[in-house]
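A closer look at the structure
Take a look at the letters that make up each chain.
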Amino acid sequence: MNEDAYLLARARAVRIVPLAAAGAADGLGLSVLRRAADGVQRRLVDVEAVDGPAVMVRWAPDVEPVSGVVGDPLTHREAAPSQLLTLGAAVRLCWLDPELALYPGGAVAEEDVLAACGPAGR
């Protein structure tokens, strides 16, 4: 595996690459990662991680896969109320302080999400 492909695969696997780890100090590692992303129709997005500035790998704007265009019966489907409730509970449990940025959030056990979705007063 060439070095560019390895760096890109690693960045996708770890999701958030701190700028220091990407080689921002010398600029070389970040440019290699950016070139690898550009080569496969991806882009690097700047994010603010817990430990400071970082990048994530995302689709390039003009090649993002179909994600459910409203009105397209082949790709769009409405979420059931139970799915929306579960998503809402997960977001709230992972985002402890609404005054802080939603991303990157925190980890939460599946059991905690399911318990939060149970009947009120339980």
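Each value, and the rule that gives it
- Residues numbered from 1 in each chain as written.
- Predicted model: local features only at pLDDT ≥ 70, side-chain atom pairs only at ≥ 80, totals over all residues.
- Heavy atoms only, no water.
- Helix = DSSP H or I, 4+ residues; strand = E, 2+ residues; numbered from the N terminus.
- Buried < 20%, exposed > 50% of the residue type's maximum accessible area, 1.4 Å probe, protein only.
- Polar contact = N/O pair within 3.5 Å; in protein donor to acceptor, adjacent residues only side chain to side chain.
- Contact = heavy atoms within 4.5 Å.
- Phe/Tyr/Trp six-rings, centres within 6.5 Å; stacked < 30°, edge-to-face > 60°.
- Lys NZ or Arg CZ within 6 Å of the ring centre and 35° of its normal.
- Pairing = 2+ DSSP bridges.
- Core = buried A, V, L, I, M, F, W, Y, C linked by side-chain atoms within 4.5 Å.

**Comments concerning the side chain of Arg 42**
Tracing the backbone through its elements, the reader meets Arg 42 in strand β2 (residues 42–49). Residue class for Arg 42 comes out buried when judged on its relative accessible area of 15%. Side-chain polar atoms of Arg 42 contact the backbone oxygen of Val 40, separated by 2.9 Å. Apart from the residues lying within four places of it in its own chain, the contact partners of Arg 42 are Arg 12, Ala 37, Val 57, Arg 58, Trp 59 and Ala 60.

**Considerations on the environment of Pro 104**
Its place among the elements puts Pro 104 in the loop between α3 (81–94) and α4 (110–116). Classification of Pro 104 by relative accessible area gives partly exposed; the value is 33%. Expressed as a C-alpha distance, the spacing of Pro 104 and Cys 94, which sit ten residues apart in the sequence, is 8.9 Å. Beyond its immediate chain neighbours, meaning those up to four positions away, Pro 104 contacts Ile 16, Glu 48 and Val 50.

**Considering the environment of Ala 13**
Within the secondary structure layout, Ala 13 lies in helix α1 (residues 3–14). What makes Ala 13 exposed here is its relative accessible area of 64%. Put simply, Ala 13 and Val 57 are 44 residues apart on the chain and 9.7 Å apart in space, counted from C-alpha to C-alpha.

**Re the packing of aromatic side chains**
This model, assessed by the stated rule, comprises zero aromatic pairs. One cation-aromatic arrangement involves Arg 42 over Trp 59; the distance from NZ or CZ to the ring centre is 3.6 Å.

**Some remarks on the pairing of strand β3 (residues 52–59)**
Bridge analysis of strand β1 (residues 17–18) against β3 gives two bridges, and the strand direction is antiparallel. Residue Pro 18 lies in a different strand from β3, and its bridge partner there is Ala 54. Where β2 and β3 come together, eight bridges link them in antiparallel fashion. For Leu 44, the partnering residue across the bridge sits in β3 and is Val 57. Where β2 hands over to β3, the hairpin turn is made up of two residues, counted between the paired strands.

**Section: the sheet that holds β3**
Here we have three strands laid out as an open sheet, ordered β1-β3-β2, and antiparallel in their pairing. With partners counted over all chains shown, the strands left at the sheet margins are β1 and β2, one partner each.

**Let's talk about the nonpolar core**
One finds Leu 8, Ala 11, Val 17, Leu 30, Leu 33, Ala 36, Ala 37, Leu 44, Val 55 and Val 57 forming the largest nonpolar core, which totals ten residues. Those elements that place two or more of their residues in this core are α1, α2 (28–38) and β3.

**Structural notes on unusual backbone geometry**
Notably, Arg 15 is not glycine yet its phi reads approximately 70°, a positive angle. Mapped onto the secondary structure, Arg 15 falls in the loop between α1 and β1. Taking relative accessible area as the criterion, Arg 15 reaches 46% and is therefore assigned partly exposed.

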